[in-house]
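Architecture at a glance
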Amino acid sequence: MSLWSRLVNVIRGDRLIAEIDEELESHIAEAIAHGRDAEEARRAFGGSLRQREASRDIKRMAWLADFLMDLRRAVRAVWRHRALTSAVVGSLALGMGVNTAIFSLSNSLILKSLPVKHSDRLVRVTPGGDFEAWTYPLWEQLQAHQAVLEGVFAWSSQNASFDLSTGGEADLANGLWVSASFFDVLGVRPILGRTFVAADDRRGGGPDGPVAVVSHSFWQRHFHGAVDVVGATLLIERVPFTVVGVTPPDFFGPQVGSTFDVAIPIGTQPLVLRRDRLDQRTWWWLQVMGRLKSGQAVESAAAGLAPLQPILRDLTRPSGLSAADAANYLGSPMTVTPAPGGVSELRRRYQRALTVLMAVAGLVLLIACVNVANLMLAHGERRRPDVSLQVALGASRGRLLRQLLAESLVLSVLGAVAGLLMSVWAGGWLVAQLPAVNGAPYVDLSIDWSVLGFTGGVAIAVALLFGTVPAFRATRVDPIQALKQGRGSAGHGPSALGNALVAFQLSLCLVLVVAAGLFVRTFTALTGQDTGVDRERVIVVDVDARHSPNASANRKALYDRDRILVAVRALPGVADAAYSSNAPMSNNAWNTVLEPVGPAASPIQDRSVLKNEVSPQWFSTYGIPVIAGRDFSVFDQRSPQAVVIVNETLARRYFDGDPVGRSIREVGGPDDRQPDLTIVGVARDAVYTSLREGPPATMYLPSAHAFGPISVRAESESPAYLIQAVIAAITDIDGDLKLRAHLLADDFSAAVARERMLAVLAALFGGLALLLAGVGLYGVVSYGVGARRTEIGIRISLGASRTGVVGLIVRRVAALMCVGVAVGVPISLLGAQYVSGLLFGVSAHDPATLAVAMLALASVGLAAAWIPAQRAASINPTTALRAD
Amino acid sequence: MTKPDSLQGSLDLLVLKILSRRPGLHGYALMTAIQETSREVLRVEEGSLYPALHRMEEAGWIRAEWIAKDSGRRARAYELTAAGKKQLLAEAARWQAVTSAVNRVLRTV
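Let us look at the structure shown here.

Rules used throughout
- Residues numbered from 1 in each chain as written.
- Chains lettered and ligands numbered in written order.
- Predicted model: local features only at pLDDT ≥ 70, side-chain atom pairs only at ≥ 80, totals over all residues.
- Heavy atoms only, no water.
- Pairing = 2+ DSSP bridges.
- Helix = DSSP H or I, 4+ residues; strand = E, 2+ residues; numbered from the N terminus.
- Axes fitted to C-alpha atoms, helices over the stretch in contact; angles between N-to-C directions.
- Contact = heavy atoms within 4.5 Å.
- Core = buried A, V, L, I, M, F, W, Y, C linked by side-chain atoms within 4.5 Å.
- Buried < 20%, exposed > 50% of the residue type's maximum accessible area, 1.4 Å probe, protein only.
- Parallel < 35°, antiparallel > 145°, perpendicular 65-115°, else oblique.
- Left-handed = near helix turned anticlockwise from the far one by under 90°.
- Salt bridge = Lys/Arg side-chain N within 4 Å of Asp/Glu carboxyl O.
- Polar contact = N/O pair within 3.5 Å; in protein donor to acceptor, adjacent residues only side chain to side chain.
- Buried area = accessible area lost by both parts, 1.4 Å probe.
- Phe/Tyr/Trp six-rings, centres within 6.5 Å; stacked < 30°, edge-to-face > 60°.
- Lys NZ or Arg CZ within 6 Å of the ring centre and 35° of its normal.
- Nonpolar A, V, L, I, M, F, W, Y, C, P; charged D, E, K, R; others polar.
- Patch = residues over 30% accessible without salt bridge, like charges linked within 9 Å, V, L, I, M, F, W, Y side chains within 5 Å.
- Areas by Shrake-Rupley, 256 points an atom, 1.4 Å probe, with all protein chains shown as cover.

Some words on the sheet that holds strand S12 (residues 538–544) of chain A
Residues and elements named next belong to chain A. Taken together, the 4 strands give an open sheet; going across it, the order is S13-S21-S12-S22, and neighbouring strands pair in antiparallel fashion. Each having just a single partner strand, strand S13 (574–579) and strand S22 (738–743) make up the two edges of the open sheet. When strand polarity is set aside, the average angle formed by the axes of neighbouring strands in this sheet is 20°. In the sheet, S12 pairs with strand S21 (residues 710–714) via 4 bridges, with the strands oriented antiparallel. Paired with Val538 across the two strands is Arg713, which belongs to S21. Lying on the sheet, helix H20 (residues 561–569) is in contact with S13 and S21; it crosses S13 at an angle near 165°. Sheet strands in contact with helix H24 (residues 723–733) are S12, S21 and S22, and its direction is about 155° off that of S22.

Things to note about the nonpolar core
All names here are of chain A. Counting 101 residues, the largest nonpolar core has Phe182, Phe183, Leu186 and Phe519 as the members making the most contacts within it. The dominant element in this core, judged by the number of residues it contributes, is helix H26 (residues 753–787), at 15 residues. Setting aside residues up to four positions removed in sequence, Phe182 forms contacts with Phe153, Ala154, Trp155, Leu176, Phe251 and Pro254. Ranked by size, the runner-up nonpolar core spans 50 residues in total, among them Tyr136, Leu142, Phe218 and Leu330.

Regarding the packing of helix H2 (residues 27–37) of chain B against helix H3 (residues 46–59) of chain B
Residues and elements named next belong to chain B. At their nearest, the axes of H2 and H3 sit 11 Å apart, and the two run at 120° to each other. It follows that H2 is oblique to H3 by the angle criterion. Taken as a pair, H2 and H3 cross one another with a handedness that is right-handed. On H3, the residues that touch Gly27, Tyr28, Leu30 and Met31 of H2 are Glu46, Leu49, Tyr50 and Leu53.

A closer look at unusual backbone geometry
Negative phi characterises most residues that are not glycine, and trans characterises most peptide bonds. Phi at A:Arg238 takes a positive value of approximately 65°, unusual for a residue other than glycine. Examined against the element boundaries, A:Arg238 turns out to sit in the loop between strand S7 (233–236) and strand S8 (239–246). For B:Glu40, which is not glycine, the phi torsion reads 65° and is therefore positive. Tracing the backbone shows B:Glu40 in the loop between H2 and H3. Here B:Glu40 falls in the partly exposed class, since its relative accessible area comes to 47%.

What about the pattern of salt bridges?
Taken as a whole and judged by the stated rule, the model has 24 salt bridges over all chains. Between A:Glu22 and B:Arg74 there is a salt bridge, with its nearest N and O atoms 3.0 Å apart. With one member in each of two chains, A:Glu22 in helix H2 (residues 14–33) and B:Arg74 in strand S3 (residues 74–80) form a pair that bridges those chains. Given a relative accessible area of 27%, A:Glu22 falls into the partly exposed group. For B:Arg74, a relative accessible area of 35% gives the class partly exposed. Among the ionic pairs, A:Glu23 bridges to B:Arg76, the shortest N-O distance being 3.6 Å. With A:Glu23 in helix H2 and B:Arg76 in strand S3, this residue pair bridges two chains. A residue is classified by how much of its surface remains accessible, and A:Glu23, at 3% relative accessible area, is buried.

Some details on the side chain of A:Asn582
Residue and element names in this part refer to chain A. By the secondary structure assignment, Asn582 is in the loop between S13 and strand S14 (591–595). Asn582 gets classed as buried once you look at its relative accessible area, which sits at 9%. Within the structure, Asn582 has its side chain in polar contact with the side chain of Tyr688 (distance 2.8 Å). Once residues within four sequence positions are removed from consideration, Asn582 is found in contact with Asn588, Ala589, Trp590, Lys611, Asn612, Trp618, Tyr688 and Pro709.

With respect to the interface of chain B and chain A
At the junction of the two partners, chain B supplies 20 residues and chain A supplies 21 residues. Roughly 2000 Å² of surface becomes buried between chain B and chain A when both sides are summed, with 51% attributable to carbon and sulfur atoms. Summed over the shared surface of chain B and chain A, the result is 2 salt bridges. In this structure, the connection of chain B to chain A is made through 4 residue pairs in polar contact (both at pLDDT 80 or more). Only H2, H3 and S3 of chain B provide two or more residues apiece to the side of chain B that touches chain A. Considering each element in turn, the side of chain B that touches chain A owes the most residues, 9 residues, to H3(B).

Brief notes about the packing of aromatic side chains
Residue and element names in this part refer to chain A. Applying the stated criterion across every chain yields a total of 14 aromatic pairs over all chains. Seen in terms of ring centroids, Trp618 and Tyr622 are 4.8 Å apart; in terms of plane orientation they differ by 45°. Their pairing is tilted. In this pair, Trp618 and Tyr622 both sit in helix H21 (residues 618–622), 4 residues apart, roughly one turn of the helix. Overall, Trp618 belongs to the buried group, its relative accessible area being 2%. Ring pairing ties together the aromatic residues Phe153, Phe182, Phe183, Phe196, Phe251 and Phe260, which thus form one cluster. Just above the ring of Tyr834 sits the side chain of Arg352; from NZ or CZ to the centre is 4.9 Å. Just above the ring of Phe748 sits the side chain of Arg535; from NZ or CZ to the centre is 4.8 Å.

Comments concerning the side chain of A:Arg347
Residue and element names in this part refer to chain A. The residue Arg347 is located in helix H14 (residues 345–382) in this model. You can call Arg347 buried: its relative accessible area is 14%. Side-chain polar atoms of Arg347 contact the backbone oxygen of Gly341, separated by 2.8 Å. Look past the residues within four positions of Arg347 in its chain and what remains in contact with it is Leu109, Ile110, Val256, Gly341 and Gly342.

A few points about the packing of helix H28 (residues 802–835) of chain A against helix H29 (residues 847–873) of chain A
All names here are of chain A. Following both chains from N to C, one finds H28 and H29 inclined at 150°, their axes separated by 9 Å at the closest point. By the criterion of interaxial angle, the relationship of H28 to H29 is roughly antiparallel. In the packing of H28 onto H29, the handedness of the crossing is right-handed. Residues Arg802, Val805, Val806, Ile809, Val810, Val813, Met817, Val821, Val825 and Ser828 of H28 touch H29, and the partners they reach there are Leu850, Met854, Leu857, Ala858, Gly861, Leu862, Ala865, Trp866, Ala869, Gln870, Ala872 and Ala873. Here the contact of H28 with H29 is composed, by residue class, of 18 nonpolar, 3 polar and 1 charged.

Let's talk about the environment of A:Thr879
All names here are of chain A. Within the fold, Thr879 resides in helix H30 (residues 877–883). Relative accessible area serves as the criterion here: at 37%, Thr879 is assigned to the partly exposed category. Thr879 sits 90 residues away from Arg789 along the chain, and the two C-alpha atoms are 9.7 Å apart.

Some remarks on helix H7 (residues 136–145) of chain A
Residues A:Tyr136, A:Pro137, A:Leu138, A:Trp139 and A:Leu142 constitute the buried set of H7(A). The secondary structure elements touched by the buried residues of H7(A) are strand S2 (151–156), strand S10 (287–291), helix H11 (298–305) and helix H12 (308–316) of chain A.

Topic: the pairing of strand S4 (residues 172–178) of chain A
Residue and element names in this part refer to chain A. The buried fraction of S4 is high, at 5 of 7 residues. Taken together, the 2 bridges between S2 and S4 define a ladder with antiparallel strand orientation. What sits directly across from Trp155, in S4, is Val178. In this sheet, S4 lies alongside strand S3 (residues 161–163) in antiparallel orientation, the contact comprising 3 bridges. Residue pairing for S4: Asp163 is matched across the bridge by Leu172. Bridge analysis of S4 against strand S9 (residues 262–265) gives 4 bridges, and the strand direction is parallel. Within S9, the residue paired with Gly175 across the bridge is Val262.

Regarding the environment of A:Val511
All names here are of chain A. Secondary-structure assignment places Val511 in helix H19 (residues 496–528). Taking the relative accessible area as the measure of exposure, Val511 reaches 13% and is therefore buried. Sequence-wise, Val511 and Val443 are 68 residues apart; in three dimensions their C-alpha atoms are separated by 30 Å. Those residues in contact with Val511, other than ones at most four positions away along the chain, are Leu363, Gly824, Ile827 and Ser828.

Some points on a nonpolar patch on the surface
All names here are of chain A. Nonpolar side chains collect at one region of the surface, where Val424, Ile447, Trp449 and Leu452 lie side by side and expose about 440 Å² of accessible area between them. Checked against the element boundaries, Ile447 lands in the loop between helix H16 (397–433) and helix H17 (449–475). For Ile447, a relative accessible area of 38% puts it in the partly exposed group.

As structure tokens, then:
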């Protein structure tokens, strides 16, 4: 007999027994045939039941059969105690669901690597000098000279929103600029056609003309999966491209968190953007990644690239730098870092937050487990007679433990399955909260093996956590004692263990409520601060003028600014309009460095300031008062270099007293001295790109060219209804302009998406924790009151007042609270320390938040204890004493 | 408590030996064979016979198959396997070693 037949015999059950019986019966028949007495023959076998069992246990895998039997019994028990089961499965599902959802998101965003071959050999290369991106000349040189890595490629998604339409309304696709080596080095094979070759990446396209590779999803959407897509023409910004290949369905691009539709060679950029910026030595926009040779270490690759750097530096240094800046250009070495997961903006911004959320979700699960453990403890007490009977019949303690643990496992698995379903829905909601970094966020949340493994592991851990101790408790019975009691009601109330568990739960709850408080305050502080602009009234219209006849070679103005402003200002509901090079909160910053002007200018450490070119009335459009001097006028625009308006921070930093009339000067090259700029006005501080840092020192120049967004101020708040009218007015004047309008308020909203997500989720989890803790406390106190009925009955009959009894119960609860808070406060402080990087406007040790959290916990505790206390107070002493 | 004519651990050895001479016996026949060959000195406890047979079957020393008897019932007939033959030699050798040791003690002491 082999292992296999023993395994099979586990399920053969009855057939096995029938066979054994048959063999034994034929033996007896034989004996009878040989003349032995029938009775005697049977008796000679001893207990037939034991015979049968002994043989059966030899013939099958005993432990497996026992386990299956335990499972069957557990399922029946779970079904019998439906109320308890639903409470348990419900709490577990909530706890496990949130954990799985957050793990799933973390898995996709942080842990998983790109779906390409040998992703562990992918590295990211930065050019040094604290830059994260490359200029095109720098990239060209790297590609030409490097031999250390097996391959390098470059890509970018800047300015890569491609309009596929022929005019009128824009049909935008997510694009990707890639080098010719992109697909080859990544190891992505096309499912149709081919990917790029070196010849394709040339200015103006290669021998096949401008070519494009499309993604699988785009092929389905735009070409409807047509098989003749290879060779088809795709109009990108009205330039005909030939589609040469389609990528496989699981390849979404090099960035986790976004997808791409169309990839085109970097060399075709001048065709698409209608201007050639590729040779600009100060435009840092390309991401460069590479593949290590097999067995090559990251450090040796970095060491191999180091000698290249001086060459690259000399060949690509921008002209016009001062001597000091030239020496600093690419001062620090190139870095090579492992990047199996690609480069992801979303990941960079959310990694910390997701880790925190994971910890918080883990705490919620822990609280749920403690609840369940307490429930199981109480349940175990009630099943004492059953267990005692089993022990009296000869069951070993280990056997009973296994049975009870099987029950815990069944409950836990049910909770895990429900939680998994919940997490699918919750995960979708989570992703919807993420801001669009490059188009709508795309995170692959499909349930893969790691998610399933995580869920399974958590389920088993949870079962062990809440099942072990109650199981041990339940099996520690003295059969005689327990059977004698009948109902087994002479319990001593919740044991020290039960109390300890509740106190632990309360401390965890405190930690979560404090976390919720901190994150909510961070969010309100961020959104509530005075940003210096009227964010509710402004519409920002991004203008893309590449198809406009005004877009001349030297770009004096991409649109006819004055006529447009007049037309927009004339619309009903519009209070003002202006244009500028940058709009606030648009993630675009333009910086420059000032040098001292005039005699005895004091040395100032940080001379970098932000810059914006604005039209007259730009300040009033945004509601920024000019507190000294004056705003720009039309005349300033004629001689644009001579005047400047600074903001308060800049004025304070560089000048004492009134800065109006004084001068500042931008740093220029050795032969290129910038003119002195006279300050004509001081504007109030306003936010530029960052809500977290204070307003930066900003200088405003009168705008000579109009090439940035148009800003429109409405007369009332929430001006979304005006957008159509504004677009229509502008299109009337210049129909070739591509316009995209949005509310300034939306930019602010997107900037705090992470904090909002943290605040909402932390508040949700905090509320959940309070609920669970309250329910747990209620359960334990009720049970305690029930167990102490006799004692309370005696007290009341001896003259204790009702309030006295209530006080008794409440004092007990208060004691638990104090212990819980005492343990919880240090943990909260420690935890807050860890998340202090995510906070704003509130310190990690903020006492007000702590006090409010303690108050919340106290009120929940009081509410939970109130009903059982009332019940205790209304115990009728005679019935209580009679029951036992 | 063991009786003086009990078989203790040597049931395995006896079964293997008998099956090596007479394959295809069922449980009852084995039991009578042991009793006859030992001239009624050794008696097999029926309660321990079948567990022992099943254990040896598990270990792979004997194998069984169902045969039809004329009375209409089925019985399981056992025979020795190759592994069983090896086990038989080992057990027999062990038995010899033990008994000669005991004899030596009885003679010399």
